[in-house]
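Take a look at the letters that make up each chain.
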Amino acid sequence: ALVLTLALAGGYLAGSIPFGLILTRYAGLGDVRAIGSGNIGATNVLRTGRKGLAAATLLGDALKGTAAVLVAGRLGGEDAALAAGLGAFLGHLFPVWLGFKGGKGVATFIGVLLALSPLATLVFAAIWIGLAFAMRYSSLSALSASAATPPVLWALGQPRAAVLFLVLGLLLWWKHAPNIRRLLAGTEGRIGQKG
Ligand code: G3P
């Protein structure tokens, strides 16, 4: 239990680093939470018009999850890896530094998934990219790809990871409630559309 607690806490600390907020502030763009959807993630960083910063945000928010899982797995085994993945995701969504008001979890979901199943990550990416090209909604792409992930992991023979991603997916959907409302109302912003 100590190993799992440490993995969860370590994952949380890594996950709570808000790359979007840090990178945009460092670039002199002010607070990214004041524009667009108000989110700290790559999609909203893209609304500043800075593609490189958006890509760096996606990478940072994803790789903090990947790193947490890989390090915990190396030190503590499979259970620790899963606990660190959960911790990293919770850290991104609920960072103590930001009054527990964090991001929506898409990049970190991908990063944790990458460490546990590169194949399931490819499926996620294919769904995300396909839908993004067709519909140009970042949120819709993420909602769809995240919903597909638990059954994909199950089919790939990773039932424990499937359960973890069911939990992460539910949290991701819950965090996207405003996006879901806008999608249903037809008012959701398209990818790259300035906010
Ligand atoms: O990563 C979050 C994305 O799915 C939606 O972001 O800024 O449009 O709420 P945003």
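Here, residues in each chain are numbered from 1, in the same order as that chain's written sequence. Local features in this predicted model are restricted to residues whose pLDDT is 70 or higher, and side-chain atom pairs enter the listing and the counts only when it is 80 or higher, whereas totals over whole chains, interfaces and linings include all residues. Water and hydrogen atoms play no part in the side-chain values, which are based on all heavy atoms of the structure.

Let's hear about the pattern of salt bridges: which residues, and what values?
A side-chain nitrogen of Lys or Arg and a carboxyl oxygen of Asp or Glu constitute a salt bridge if their distance falls within 4 Å. One pass over the structure, following the stated rule, counts five salt bridges. Residue Asp31 pairs with Arg33 through a salt bridge whose shortest N-O separation is 2.8 Å. Among the residues examined, Asp31 registers a relative accessible area of 29% and is labelled partly exposed. We classify Arg33 as partly exposed; its relative accessible area is 34%. Residue Asp61 is joined to Lys64 by a salt bridge in which the shortest nitrogen-to-oxygen separation is 3.1 Å. Taken as a pair, Asp61 and Lys64 lie in helix α4 (residues 51–76) at a separation of three residues, close to a single helical turn. The same class applies to Asp61 as to Lys64, namely buried. One continuous salt-bridge network, built from bridges that share partners, spans Glu78, Asp79 and Arg160. Classification of residues uses two cut-offs on accessible area relative to the type maximum, computed with a 1.4 Å probe and protein chains only: under 20% is buried, over 50% is exposed, and between them is partly exposed. Only DSSP runs of H or I with at least four residues qualify as helices, and only runs of E with at least two residues qualify as strands; both kinds are numbered from the N terminus onward.

Could you give me a rundown of the site of the ligand, with the residues and numbers involved?
As a structural note, the neighbourhood of the ligand is formed by Ser37, Asn39, Thr43, Asn44, Arg47, Lys104, Val106, Ser138, Ser139, His176 and Asn179. Pairing of N or O atoms within 3.5 Å defines a polar contact, subject to two protein rules: one partner must be a possible hydrogen donor and the other a possible acceptor, and residues neighboring in sequence count only if both atoms are side-chain atoms. Lys104 places a polar side-chain atom, nitrogen or oxygen, 2.5 Å from an oxygen atom of the ligand. Here an oxygen atom of the ligand sits 2.9 Å away from a polar atom, N or O, in the side chain of Asn179. When the ligand sits alone it has 310 Å² of accessible area, and the protein chains cover 95% of it. Those elements that provide at least two residues to the shell around the ligand are α3 (42–46) and α8 (138–155). Amino acids are sorted into nonpolar (Ala, Val, Leu, Ile, Met, Phe, Trp, Tyr, Cys and Pro), charged (Asp, Glu, Lys and Arg) and polar (every other residue, Gly among them). A breakdown of the residues in the shell around the ligand according to their chemical character gives one nonpolar, eight polar and two charged. For this purpose, a residue is taken to be near a molecule or strand whenever a single non-hydrogen atom of the residue falls within 4 Å of it. In short, Shrake-Rupley with a 1.4 Å probe defines the accessible areas, and a residue's cover is counted only from the protein chains shown.

Give a detailed account of helix α1 (residues 2–15), specifying residues and quantitative values.
The first and last C-alpha atoms of α1 sit 20 Å apart over 14 residues, in line with the 20 Å expected at 1.5 Å per residue. All of the buried residues along α1 are Ala7, Gly11, Tyr12 and Gly15. The buried residues of α1 occupy an angular sector of 130 degrees when the element is viewed end-on, so they sit on one face. With respect to the buried face of α1, the exposed residues turned more than 90 degrees away are Leu2, Leu6 and Leu13. The inward-facing, buried residues of α1 contact α4 and α5 (78–93). Here, expected helix span is obtained from the residue count minus one, scaled by 1.5 Å. The directions considered for the arc run from the helix axis to the C-beta atoms. Pairs of residues are marked as contacts when any of their non-hydrogen atoms sit within 4.5 Å.

Outline α5, supporting the account with residue identities and numerical values.
For α5, with 16 residues, the first-to-last C-alpha span of 23 Å sits near the 22 Å given by 1.5 Å per residue. Most of α5 sits inside the fold, with twelve of its 16 residues counted as buried. Looking only at α5, the buried set comprises Ala80, Ala81, Leu82, Ala83, Ala84, Gly85, Gly87, Ala88, Phe89, Gly91, His92 and Leu93. Where α5 is buried, its residues meet α1, α4, α6 (106–116) and α9 (159–175).

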